[in-house]
Amino acid sequence: MANSTKKIIHNSFSETNRGQTLKPKGKRVVSKTVGSLKVKDEQAAKRQSSDTDSDLIYGRHSVLSALEGQRRLNRIWITPRLRYDPRFHSLILRAKEKGTIIDEVDSKRLDQITEQANHQGVAAQISPYEYVDLQDLIERATKVTEPVIVAADGITDPHNLGAIIRTAEAIGAQGLAIPQRRATGITSTVMKVAAGALENFPVARVVNLHRALEDLKAAGFWIYGTAANIGKPIHTVDFSGAVVLVVGSEGEGLSLLTQRYCDVLVSIPLQGKTPSLNASVAAGMALYEIYRQRWINTLHLDKLQKTTWKKQE
């Protein structure tokens, strides 16, 4: 996508089509008032996250990932058989040295603790999730070439958020930004669905998502919002450079205000009768297209280098 052709198109993933052409990429205006308000807002979000109650995770993979990631665990309930499993034993000892209470219990007790969930013989009470500041997320992300950050605009279903995190981390994205209000945070359900991805995937919880998008623009990222029908077909968009992919909420899609902060809105062409996609499914498809383009470019570059070497020989 050429710099001169990038535009903002207003629409949401599941709302009625709306369209309005705004300024081209080369002349994008970034607010100058963002930086002065960011620190105060980020500190407020961090204080709120630290005030939440301890949460519960369960299942072998989720707890094992938390132990390997050295997450703060207040208590672990585990069956005697699983405690001495080679995958868990040394990690359990290390957690105990750090003050974690280890309770050996039977499956019936775990059924009570997890309310009949599929605990697989282990559960843990974790300390509240520690969000990162947006600036820290940006600094981490920009250490890699062509970073990708996902922003979730009002995702309220923890299963959707967990699925987005799992897909984003697996495919190689650098982190996630979520709003503090009118959206789910990192709960035990999110952790369970993410299947350990959060141990290697930073999340920033921001007071104002739109201000966060302005900060990301100032750091050199281009903002791509998912939109239905009127958005540019996703396979025709060039996702080179630093990218922020904004995914709308389950029912409303991107809010009108969020749309105004996007540089380009993209759509996933649908051929069936179903009018829209689940938020996590749309995020996964969009992320795959972003990285597919980069993999193809890498393959082309490798082939070009090999051809050049052969000619030199």
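Residues numbered from 1 in each chain as written. Predicted model: local features only at pLDDT ≥ 70, side-chain atom pairs only at ≥ 80, totals over all residues. Heavy atoms only, no water.

Examining empty space enclosed by the protein
So, point 1. On inspection of all chains with the given rule, the structure shows four cavities of 30 Å³ or more.
So, point 2. Volume-wise, the largest cavity comes out at about 70 Å³.
So, point 3. What lines the largest cavity is simply Ile57, Ser62, Ser65, Ala66, Arg71, Met191, Ala194, Gly196, Leu198 and Glu199.
So, point 4. At the level of secondary structure, the elements contributing two or more residues to the lining of the largest cavity comprise α2 (60–68) and α8 (188–194).
So, point 5. Ranked by residue count, the leading element in the lining of the largest cavity is α2, at three residues. (1 Å grid on protein atoms, 1.4 Å probe; cavity = no way out; pocket = protein on both sides within 12 Å on 5 of 7 lines; lining within 4 Å. Points joined across faces, edges and corners; volume = space filled by probe spheres on them. Helix = DSSP H or I, 4+ residues; strand = E, 2+ residues; numbered from the N terminus.)

Section: the pattern of salt bridges
So, point 1. Under the definition given, this model contains six salt bridges.
So, point 2. Salt-bridge contacts for Arg75 lead to Asp103; the nearest nitrogen and oxygen are separated by 2.7 Å. A residue pair is termed long-range when its members are at least 10 positions apart, and Arg75 in strand β2 (residues 73–78) and Asp103 in strand β3 (residues 101–104) qualify at 28 residues. (Salt bridge = Lys/Arg side-chain N within 4 Å of Asp/Glu carboxyl O.)

Let's talk about the nonpolar core
So, point 1. Ile76, Ile165 and Ile186 are the most contacted members of the largest nonpolar core, which totals 57 residues.
So, point 2. At seven residues, helix α11 (residues 279–312) tops the list of elements feeding residues into this core.
So, point 3. Setting aside anything within four residues of it in sequence, one finds Ile165 in contact with Leu176, Ile186, Val190, Ala194, Ala197, Leu198 and Phe201.
So, point 4. Formed by 22 residues, the second largest nonpolar core is a distinct cluster that contains Leu134, Ala141, Leu216 and Ala242. (Core = buried A, V, L, I, M, F, W, Y, C linked by side-chain atoms within 4.5 Å. Buried < 20%, exposed > 50% of the residue type's maximum accessible area, 1.4 Å probe, protein only. Contact = heavy atoms within 4.5 Å.)

A short note on the environment of Gln125
So, point 1. Take Gln125: it is sitting in strand β4 (residues 122–126).
So, point 2. Residue class for Gln125 comes out partly exposed when judged on its relative accessible area of 29%.
So, point 3. For Gln125 and Ile76, which are 49 residues apart along the polypeptide, the C-alpha to C-alpha distance reads 6.4 Å.

As for the pairing of strand β7 (residues 203–206)
So, point 1. Side-chain alternation along β7 places Val203 and Arg205 on one buried face and Ala204 and Val206 on a second face that is also buried.
So, point 2. Direction of pairing for strand β6 (residues 175–179) relative to β7: parallel, over a ladder of four bridges. Its bridge partner being in β7, Leu176 is matched across the sheet by Val203.
So, point 3. Running through α8, the crossover from β6 to the neighbouring parallel element β7 is right-handed. (Pairing = 2+ DSSP bridges. Right-handed = clockwise from strand over helix to strand, strands pointing away.)

Observations concerning the sheet that holds strand β11 (residues 264–267)
So, point 1. Spatial ordering of the open sheet is given by β7-β6-β5-β10-β8-β11-β9, a layout of seven strands whose pairing is parallel. In this open sheet, the two edge strands, each paired with only one partner strand, are β7 and β9 (232–233).
So, point 2. Bridging between strand β8 (residues 222–226) and β11 involves three bridges; their strand directions are parallel. Considered in β11, the bridge of Thr226 is made with Val266.
So, point 3. Packing against the sheet, helix α9 (residues 209–218) makes contact with β5 (148–153), β6, β7, β8 and β10 (243–248), and its axis sits at approximately 165 degrees to β5. (Axes fitted to C-alpha atoms, helices over the stretch in contact; angles between N-to-C directions.)

A word on the layout of surface pockets
Rolled over the atoms, a probe sized like a water molecule indicates the empty space that remains.
So, point 1. By volume, the largest pocket amounts to about 340 Å³.
So, point 2. The set of elements that each furnish at least two residues to the lining of the largest pocket consists of α9 and α10 (256–260).
So, point 3. In terms of residue class, the lining of the largest pocket is made up of five nonpolar, nine polar and five charged.
So, point 4. Taken as a whole, the second largest pocket holds about 290 Å³ of empty space. (Nonpolar A, V, L, I, M, F, W, Y, C, P; charged D, E, K, R; others polar.)

Observations concerning the sheet that holds β3
So, point 1. Across the sheet, four strands lie side by side as β1-β4-β2-β3; this open sheet has mixed pairing. The open sheet terminates on both sides in strands that have one partner only, identified here as β1 (55–58) and β3. Direction aside, the axes of adjacent strands within the sheet are offset by 15 degrees on average.
So, point 2. Pairing analysis gives four bridges linking β2 to β3, with the strands arranged parallel.

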